[in-house]
Amino acid sequence: MMLGLAWIIGCYAAGVAIIHWLHWQWRRYGKPRTTHYVLQTYNNQLQVEWYLRSLYFFSWMKGKAISVTLADEGSTDDTLEIARRLSLEHQLSICTIAERDLEEWVLKHADEQVIVVRLNQNEGLETAFKYM
């Protein structure tokens, strides 16, 4: 009886040691890749909240790391206020940026996976979730 109990405890201890070693190897060499979303907005108060909440929800469900930058092009509605409120809950960068500045920003971050989405164009909205 004692031999069987020692065998069970030994197998359990070996399993725990293997899992810890694999986790250490993964953390050391397997850096998780962060997908960076850039959302271009201009008077998109009706779309920005549900889109941001959807992005964060689906990334949480799939266990993917994302970072989001909201690039506003001079909105006159409540788009920026909604984004500021959501930035208190999630990691969200807000900036006002011109079209050419955005292209320079994307070129500067070419080593990352950057997805640029214009909230005014419906065809880009569906494809952004495919990269998760």
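Residues numbered from 1 in each chain as written. Predicted model: local features only at pLDDT ≥ 70, side-chain atom pairs only at ≥ 80, totals over all residues. Heavy atoms only, no water.

Draft legend 1. Summary view of the sheet that holds strand 3 (residues 92-96). Strand order in the open sheet formed by four strands is 3-2-1-4, with parallel pairing between adjacent strands. Looking at strand neighbours, the two that pair on one side only are strand 3 and strand 4 (113-118), the edges of this open sheet. Taking each pair of neighbouring strands and ignoring which way they run, the sheet shows an average axis angle of 20 degrees. Note: strand 2 (residues 65-72) against strand 3, five bridges, orientation parallel. Pairing of threonine 69 across the sheet is with serine 93, part of strand 3. (Pairing = 2+ DSSP bridges. Helix = DSSP H or I, 4+ residues; strand = E, 2+ residues; numbered from the N terminus. Axes fitted to C-alpha atoms, helices over the stretch in contact; angles between N-to-C directions.)

Draft legend 2. Molecular detail of the packing of aromatic side chains. For the structure on display, the rule yields three aromatic pairs. Their ring planes at 40 degrees and their centres at 6.2 Å tell us that phenylalanine 57 and tryptophan 60 sit as a pair that is tilted. Highlighted residues: phenylalanine 57 and tryptophan 60, both in helix 2 (residues 48-62), separated by three residues, approximately one helical turn. Look at phenylalanine 57 and you get partly exposed, because its relative accessible area is 44%. By relative accessible area, which is 62% here, tryptophan 60 ends up exposed. An aromatic cluster is present here, built from Phe57, Phe58 and Trp60 joined pairwise through their rings. (Phe/Tyr/Trp six-rings, centres within 6.5 Å; stacked < 30°, edge-to-face > 60°. Buried < 20%, exposed > 50% of the residue type's maximum accessible area, 1.4 Å probe, protein only.)

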